[in-house]
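Given next are the chains, with one letter for each unit.
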Amino acid sequence: MSTAFGKGTLCIQAGYSPGVGEPRILPIVQSTTYKYDDIEHVRRVMTLQEFGFKYSRTGNPTVAGFEQKMVALEGGTAAVATASGQAANLLALTNICRAGDHILAPATLYGGSYSLLHTTLPKFGIEATLFDPQASPRAIARLVRPNTRVLFGETIGNPGLNVLDFAKLSALARRFDLPFVVDNTLATPLLCNPLRHGANIVTHSATKYIDGHATSVGGIVIDGGNYDWNNGKFPDFTEPDPSYNGVSYTGQFPNSPFLIKARAQILRDFGACLNPHNAFFFNLGLETLHLRMERHGANALALARFLEKHPQVAWVNYPGLNPAGRRRIARHFNARNGSGVLTFGLRGGLPAIDRFVKRLRLAALVIHVGDARSSVLHPASSTHAQLDEEQQRSAGIAPEMIRVSVGIEDTADIVADFAQALATDPTP
Ligand SMILES: *Cc1c(COP(=O)(O)O)cnc(C)c1O
């Protein structure tokens, strides 16, 4: 489907176009298997000489509908869906890096990505250096090593909510000829298209806003088709792959070597594929993403403005409120607002936090963001509970911090819920 259509039209119609007499809705193809009549045909499909579904670990028609819709929304060339957002980042990074390689990323990453880069990938010989996102271009450039193979970042950090400095980091990626991988989960393709701002690969946790209703875990990797892997740094892309009759991905698939290799080699071997039921839910979620993101952003801004003036609130962090956030949103976002996620500091210590959380009626205490329902979380006692206070502070977690995923309920009802939960009891 032509990307000349607007985002809302693509949200609803891209990715699947039925023929005469076929289902109007993207069907759930609950099949592991695809039938072939002819030995030669199977041989051609299995050796990548011809495209076709083989076995649902490496591709499925329902999953393909979701993938193609995301390609249209991000303006990429191809995509591969995965079992989770974690699997998406793992797939993107291990498709590029092998033991001995090095990754550069801001330190303000989502907790799962932080532990992947900091703890788990080093066990496989892939090291990462995490830098202060405020550092000067020169200071970050000094961290680039001869074996650095990827620059990784997040459009909106979680829970720091810092908006990525695309200009600074894409200039660095160009200068050192590094592929630039961006996790666009919190911004969604509705608010930002990283491929337009220097990224080469985009990843998402589809579990968040893409699903939007807290039903399904999944992820996706989208190839921008805008990086030349044939530059001497990536032998796994240019040299023959012995696991596929010696195919060279750049030689045989010049339009999308990254994605073909990710699917045919890494997804085949790691196996973290998306199931068709969840792809169906993500496709359904995408059909309203444009409407939901508008409302999430408007509700979050309204709640942030209310919280800013509340005497029990020490501080509020929302990208649409602070000048640096506003500048980057104006420069790189397709929308005026941030997403639905904000954080604030509550006065009165743990007893006040406990009391506030218990008094909420609409918003619930859950480990999640991006749901249609408003929710809150206290990072210090949940997502970051395994760290001591000093480690929490260096990860940007203050003890008084509450993270809110503002839902799409009526604005006045959300604000009223927070107002009643924050009200101090009248002293007798
Ligand atoms: C949630 C999240 C992930 C991980 O996704 P899962 O689907 O939970 O595995 C990765 N990156 C960001 C920014 C996230 O918010």
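Residues numbered from 1 in each chain as written. Predicted model: local features only at pLDDT ≥ 70, side-chain atom pairs only at ≥ 80, totals over all residues. Heavy atoms only, no water.

## Some thoughts on the packing of helix 13 (residues 289–308) against helix 17 (residues 411–422)
For step 1, the next point in the chain: Across the interface, helix 13 lies against helix 17 with an axial gap of 10 Å and an inter-helix angle of 35°. With respect to the hand of their crossing, helix 13 and helix 17 are arranged in right-handed fashion. Mapping the contact onto sequence places R295, N299, A302, L303, F306 and L307 in helix 13 and T411, I414, V415, F418, A419 and L422 in helix 17.
For step 2, the next point in the chain: Per-class residue counts for the contact of helix 13 with helix 17 are nine nonpolar, two polar and one charged. (Axes fitted to C-alpha atoms, helices over the stretch in contact; angles between N-to-C directions. Helix = DSSP H or I, 4+ residues; strand = E, 2+ residues; numbered from the N terminus. Left-handed = near helix turned anticlockwise from the far one by under 90°. Contact = heavy atoms within 4.5 Å. Nonpolar A, V, L, I, M, F, W, Y, C, P; charged D, E, K, R; others polar.)

## A few points about the pattern of salt bridges
Oppositely charged side chains can pair when the atoms bearing their charge come close.
For step 1, the next point in the chain: A full pass over the atoms with the stated rule returns eleven salt bridges.
For step 2, the next point in the chain: Linking E50 and R44 is a salt bridge whose minimum nitrogen-to-oxygen distance equals 3.3 Å.
For step 3, the next point in the chain: Put simply, E127 and R145 hold a salt bridge, and the shortest N to O gap is 3.3 Å. Taken together, the residues span a long stretch of sequence, with E127 in strand 3 (residues 127–131) and R145 in the loop between helix 6 (137–141) and strand 4 (148–154) at a distance of 18 residues.
For step 4, the next point in the chain: Residue R145 is classed as partly exposed on the basis of its relative accessible area of 35%. (Salt bridge = Lys/Arg side-chain N within 4 Å of Asp/Glu carboxyl O. Buried < 20%, exposed > 50% of the residue type's maximum accessible area, 1.4 Å probe, protein only.)

## Some thoughts on the domain arrangement of the protein
For step 1, the next point in the chain: As far as domains go, the protein holds domain 1 (7–285) and domain 2 (291–422).
For step 2, the next point in the chain: If you average the C-alpha positions of domain 1 and of domain 2, the two centres end up 29 Å apart.
For step 3, the next point in the chain: Counting residues at the interface gives 31 residues for domain 1 and 30 residues for domain 2.
For step 4, the next point in the chain: Of the roughly 2500 Å² buried between domain 1 and domain 2 on both sides combined, carbon and sulfur atoms contribute 60%. (Domains from an automatic or database assignment. Buried area = accessible area lost by both parts, 1.4 Å probe.)

## Points about unusual backbone geometry
Residues other than glycine predominantly adopt negative phi, and peptide bonds predominantly adopt the trans conformation.
For step 1, the next point in the chain: Cis geometry is adopted by the peptide bond preceding P159, which originates at N158 and carries an omega value of 10°.
For step 2, the next point in the chain: One non-glycine residue, L48, lies in the positive phi region at around 65°.
For step 3, the next point in the chain: Residue placement: L48 occurs in the loop between helix 2 (39–46) and helix 3 (61–74).
For step 4, the next point in the chain: Here the phi dihedral of N245 falls at roughly 50°; this positive angle occurs in a residue that is not glycine.
For step 5, the next point in the chain: Note on N245: relative accessible area 64%, which makes it exposed.

## Some thoughts on the pairing of strand 3
Along a regular strand, successive side chains alternate from one face of the sheet to the other.
For step 1, the next point in the chain: One ladder, built from five bridges, connects strand 2 (residues 102–106) with strand 3; its direction is parallel. Residue pairing across strands places A105 opposite L130, the latter belonging to strand 3.
For step 2, the next point in the chain: Of the crossover connections in this fold, the one passing from strand 2 over helix 5 (residues 111–123) to the parallel strand 3 is right-handed. (Pairing = 2+ DSSP bridges. Right-handed = clockwise from strand over helix to strand, strands pointing away.)

## A few points about the sheet that holds strand 7 (residues 219–223)
For step 1, the next point in the chain: Across the sheet, which stays open at both edges, the seven strands sit in the order 1-7-6-5-4-2-3 with mixed pairing between neighbours. The two strands at the open ends of the sheet, each matched to only one other strand, are strand 1 (78–82) and strand 3. If you compare each strand with its neighbour and ignore which way they point, the axes differ by 20° on average.
For step 2, the next point in the chain: Here strand 5 (residues 180–183) runs beside strand 6 (residues 201–205); their pairing, made up of three bridges, is parallel. Residue D183 lies in a different strand from strand 6, and its bridge partner there is T203.
For step 3, the next point in the chain: Taken strand by strand, helix 3 contacts strand 1, strand 6 and strand 7, and its axis lies near 130° from that of strand 1.
For step 4, the next point in the chain: Against the sheet, helix 7 (residues 166–175) contacts strand 2, strand 3, strand 4 and strand 5, and its axis sits at roughly 150° relative to strand 5.

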